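Listed here are the chains, written in short residue letters.
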Amino acid sequence: MKEKLFKYTTTVVSFFSVIFLLGIILSIFLEGFPLFGEINPIDFIFGKHWNPTHYEPEFGILALIVSSLMVTVIALVVSIPLGVGSALYISEVANKNLKEILKPVVELLAGIPSVIYGLFGMTVLGPFLSNLLGIPIGLNAFTAGVILGIMVIPIISSISEDAINSVPNSLREASYALGANKWETIIKVVLPASKSGVITSIILGFGRAIGETMVVLMVAGGAPGFPKSIFRPVRPMTSSIAAEMGEATIGSLHFHSLYAIGIILFIITFVSILITNIVKDRRSR
Amino acid sequence: MLRGLKNLILVGLILTIVSVGAVDIYGESQRIQITGSTTVLPVAQRAAENFMKEYDITVSVRGGGSGTGIAALIDGRADIADASRPIKAKEIKIAKSKGVNPKAHIVARDGIAVVVNRKNPVDGLTLTQIKKIFMGEIKNWEEVGGPDKNIIVISRDSSSGTFEAFKELVLDEEKYSEDALRMASNKAVSTTVSRTKTAIGYIGMAYLSQTVKAVKVDGVLPTLKTAGSGKYKIARPLYMYTDGEPKGNIKKFIDYVFSPAGQNIAKQIGYVPVK
């Protein structure tokens, strides 16, 4: 009796998240699609000018998409070496005591609210980088990317570490037996063996970085022009939605266009999760 | 059956008494309806709250925009219309045809200061120069008498009322430069300008502080006095419209808005008092 009750409750509870997910997807698409009745999707995605509140509005989000990708790529350039490197150090090199300190510290990075990262980027890192590199303004794609990179480190590090830990010891021992040293063993044996786990962690990090809103809203600068360099202020998709949704009249073209940006973001993250699952499947086979 | 009829009569009676009572309490004479501009809304709202504490008069305040407010005044759905722009000739014509005489009361001014970094040697700009800077046509400080450095243009985000007001007063409804940064608040603009030597931005006059330098616009510094008199160009009057000269409770409310207490509310919200 109790067991049945447990079974049914958990079934219902798990179906709730499915319902929520479907509801959110449905509402994004229902609110976003009316835009494409007025504006060709091709013009929307490849249009160069974003001026939704002007009296002759323009709804082109190419600059926003490129801004999002630019910031995300910078974040990955920062977080992949640091994340994978710290995972390798924690699981392969560090002694037990150090491991017990380092692991929670890296994971603690994930617990800091994104608004704090944003504040740090705006008031500390931005001015610092602009002085250091002699760039005119600290609020730009590079600063935002570096902050996002720091936020993504714990995701890449902890998932990579799990993958590295699951590499059987026999492989390492075989490598040592062949006369390889620790460095050669890590680079030529451990890393290749845990490749799919590391790739999964990177894709998840990508999804986290491209969807992050608060940091880019505060640090990226928000200029809607096409980004000409990584040291220019940019306006990623998420910050556009966050900054403009409050004022867009419900049911207006501007309102629908913000949901349409949501559709594009959804498709990007959906594809990245799909790739993760394919990689995982291949690993388990 | 008889019982049902009795109940019906009773309910009818009660309803009549209640509605008569309601008319007495909330009758036209004791209730002021205010509708219109969301820019003026905070002033009207706070003035109404304080006004209701002093007088036994109900004031209901709604937003909706300047156009909505003026339309409501013309239709008799509002006693006072808030507006952040003067009434249009077309609206006056419609009003006259319905026997309504809109009378303007300038209750405060919304002034916007153009600010630069304190280390910037440029002290004054013309309105045209500011327009060209924010449109991205002037890109270097050298063109306006400063050092040979690129100008970093900082704007508010498009959801801000100041963004719209600046666009209307300075840009003549033209587009902002696409390279202009978009910041979420007046504070964020002044912080960024104070940290960036080559930046220029704009903020509501109430947010002016020592951390940034306000520039003269066409030779006039933004002060409460110059913005109040209209000498400083980047300021717009905020209106309350009534039907003819205000009378009775409406007059009491308008007088309250112009009283030192009412003008202080405008000042606290960040507008320039007119008295």
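Calculation rules
- Residues numbered from 1 in each chain as written.
- Chains lettered and ligands numbered in written order.
- Predicted model: local features only at pLDDT ≥ 70, side-chain atom pairs only at ≥ 80, totals over all residues.
- Heavy atoms only, no water.
- Helix = DSSP H or I, 4+ residues; strand = E, 2+ residues; numbered from the N terminus.
- Contact = heavy atoms within 4.5 Å.
- Areas by Shrake-Rupley, 256 points an atom, 1.4 Å probe, with all protein chains shown as cover.
- Buried area = accessible area lost by both parts, 1.4 Å probe.
- Salt bridge = Lys/Arg side-chain N within 4 Å of Asp/Glu carboxyl O.
- Polar contact = N/O pair within 3.5 Å; in protein donor to acceptor, adjacent residues only side chain to side chain.
- Nonpolar A, V, L, I, M, F, W, Y, C, P; charged D, E, K, R; others polar.
- Buried < 20%, exposed > 50% of the residue type's maximum accessible area, 1.4 Å probe, protein only.
- Expected span 1.5 Å × (residues − 1).
- Bend = angle between axes of the 7 residues up to and from the residue.
- Domains from an automatic or database assignment.
- 1 Å grid on protein atoms, 1.4 Å probe; cavity = no way out; pocket = protein on both sides within 12 Å on 5 of 7 lines; lining within 4 Å.
- Points joined across faces, edges and corners; volume = space filled by probe spheres on them.
- Core = buried A, V, L, I, M, F, W, Y, C linked by side-chain atoms within 4.5 Å.
- Phe/Tyr/Trp six-rings, centres within 6.5 Å; stacked < 30°, edge-to-face > 60°.
- Pairing = 2+ DSSP bridges.

Trainee: Let's hear about the overall build of chain A: which residues, and what values?
Mentor: Helices and strands together make up the secondary structure of chain A, namely 13 helices and two strands. Each of the three principal axes of chain A carries a C-alpha extent, and together these read 75 × 70 × 30 Å. Sequence-distant contacts in chain A: of pairs separated by 6 or more residues, those separated by 24 or more amount to 72%. Entry remark: accessible area of chain A is about 14,800 Å², with carbon and sulfur atoms responsible for 70%.

Trainee: How would you summarise the interface of chain B and chain A if you had to cite specific residues and measurements?
Mentor: By convention, interface size is frequently given as the accessible area that disappears when the constituent parts associate. Across the contact, 21 residues belong to chain B and 27 residues belong to chain A. Between chain B and chain A lies a buried interface of about 1,900 Å² when both sides are counted; carbon and sulfur atoms form 53% of it. Three residues stand out in chain B for area buried against chain A, namely K175, E178 and R182 of chain B, and they jointly supply 31% of the buried area on that side. One can count three salt bridges joining chain B with chain A. Notably, a salt bridge pairs E58 of chain A with K175 of chain B, separated by 3.1 Å at the nearest N-O pair. Where chain B meets chain A, there are seven residue pairs in polar contact (both at pLDDT 80 or more). Elements with a minimum of two residues in the side of chain B that touches chain A: α6 (161-169), β7 (181-183) and α7 (186-195) of chain B. Tallied by class, the residues present in the side of chain B that touches chain A amount to six nonpolar, five polar and 10 charged.

Trainee: Kindly report on the pattern of salt bridges, identifying the contributing residues and their values.
Mentor: As enumerated under the stated definition, the model contains 17 salt bridges over all chains in all. Taking the shortest distance from any N to any O, the salt bridge between D179 of chain B and K228 of chain A comes out at 3.5 Å. Residue D179 of chain B is found in the loop between α6 and β7, and its partner K228 of chain A is found in the loop between α11 (214-219) and α12 (237-244); the two belong to separate chains. Overall, the relative accessible area of 31% leaves D179 of chain B in the partly exposed class. The exposure class of K228 of chain A is exposed, given its relative accessible area of 57%. Where D123 of chain B meets K213 of chain B, a salt bridge forms, and the shortest distance between an N and an O atom there is 3.0 Å. Of the two residues, D123 of chain B sits in the loop between β4 (102-116) and β5 (124-125) while K213 of chain B sits in strand β9 (residues 213-214), which places them 90 residues apart along the sequence. Among the residues examined, D123 of chain B registers a relative accessible area of 47% and is labelled partly exposed.

Trainee: Please provide a residue-by-residue account of unusual backbone geometry, values included.
Mentor: Phi angles above zero are rare outside glycine, and D172 of chain B is one such case at about 50°. Looking at the element boundaries, D172 of chain B is found in the loop between α6 and β7.

Trainee: Let's hear about helix α6 (residues 114-133) of chain A: which residues, and what values?
Mentor: For α6 of chain A, which comprises 20 residues, the first-to-last C-alpha distance of 25 Å sits more than 12% below the rise-based estimate of 28 Å (1.5 Å per residue). Of all bends in α6 of chain A, the biggest is about 45°, found at G121 of chain A. Burial in α6 of chain A covers these residues: Y117, G118, G121, M122, L125, G126, L129 and S130 of chain A. Residues of α6 of chain A that are buried in the fold lie against α7 (141-165) and α11 of chain A together with β7 and α7 of chain B. Count one or two residues on from α6 of chain A and you reach G134 of chain A, which has phi positive near 65°.

Trainee: I'd like to hear about the domain arrangement of chain B, residue by residue, with values.
Mentor: Residue and element names in this part refer to chain B. Split by domain assignment, chain B resolves into domain 1 (2-109 + 238-273) and domain 2 (110-235). Counting residues at the interface gives nine residues for domain 1, matched by nine residues for domain 2. Between domain 1 and domain 2, the buried area comes to about 740 Å², and carbon and sulfur atoms account for 61% of it. Per-residue buried area on domain 1 facing domain 2 is highest for R109, G270 and V272; these three make up 67% of the total on that side. On the surface where domain 1 and domain 2 come into contact, there are zero salt bridges. Along the contact surface separating domain 1 from domain 2 lie one residue pair in polar contact (both at pLDDT 80 or more). For the side of domain 1 that touches domain 2, the secondary structure elements donating two or more residues are β4 and β12 (272-273). Residues that form the side of domain 1 that touches domain 2 fall into these classes: five nonpolar, two polar and two charged.

Trainee: So what's going on with the layout of surface pockets? Which residues, and what values?
Mentor: Residues and elements named next belong to chain B. The space that makes up the largest pocket amounts to roughly 720 Å³. In terms of lining, the largest pocket is formed by 26 residues, of which the most central are T38, T39, G161, E164 and R236. At five residues, the largest contribution of residues to the lining of the largest pocket is made by α6. When residues of the lining of the largest pocket are assigned to domains, at least three map to each of domain 1 (2-109 + 238-273) and domain 2 (110-235).

Trainee: Help me get a handle on the nonpolar core, residues and values and all.
Mentor: In terms of nonpolar packing, the biggest core is built from 78 residues, with I130, I133, F134, F166, I200 and I234 of chain B touching the most fellow members. Residue contributions to this core peak at nine residues, all from α7 of chain A. Setting aside its immediate chain neighbours within four residues, F166 of chain B contacts I112, V114, I130, F134, L171, Y176, Y202 and I234 of chain B. Counting 25 residues, the second-largest nonpolar core is a separate cluster that includes V43, I254, Y256 and V257 of chain B.

Trainee: Before we move on, can you summarise the packing of aromatic side chains with the specific residues and values?
Mentor: Residues and elements named next belong to chain A. Following the criterion strictly, the structure yields 19 aromatic pairs over all chains and no others. Here F33 and F36 contribute two aromatic rings whose centre-to-centre distance is 5.9 Å and whose plane-to-plane angle is 70°, an arrangement assigned as edge-to-face. Exposure remark for F33: the relative accessible area of 47% places this residue in the partly exposed category. Taken together through their ring pairs, the aromatic side chains of F29, F33, F36, F44, F266 and F270 make up a single cluster.

Trainee: Pulling in residues and values, what's your account of the environment of G225 of chain A?
Mentor: Residues and elements named next belong to chain A. Counting through the fold element by element, G225 comes out in the loop between α11 and α12. A residue is classified by how much of its surface remains accessible, and G225, at 4% relative accessible area, is buried. A sequence separation of 134 residues divides G225 from S91, and the C-alpha atoms of the two residues are 44 Å apart.

Trainee: Describe the pairing of strand β11 (residues 235-243) of chain B, naming the residues involved and giving the relevant values.
Mentor: Residues and elements named next belong to chain B. In terms of residue burial, β11 counts as a mostly covered element, since eight of its nine residues are buried. Where strand β3 (residues 80-83) and β11 come together, four bridges link them in antiparallel fashion. When the bridges of β11 are listed, I80 appears paired with T242. Here β4 pairs with β11 via nine bridges, running antiparallel. Along β11, the bridge assignment pairs A104 with Y241.

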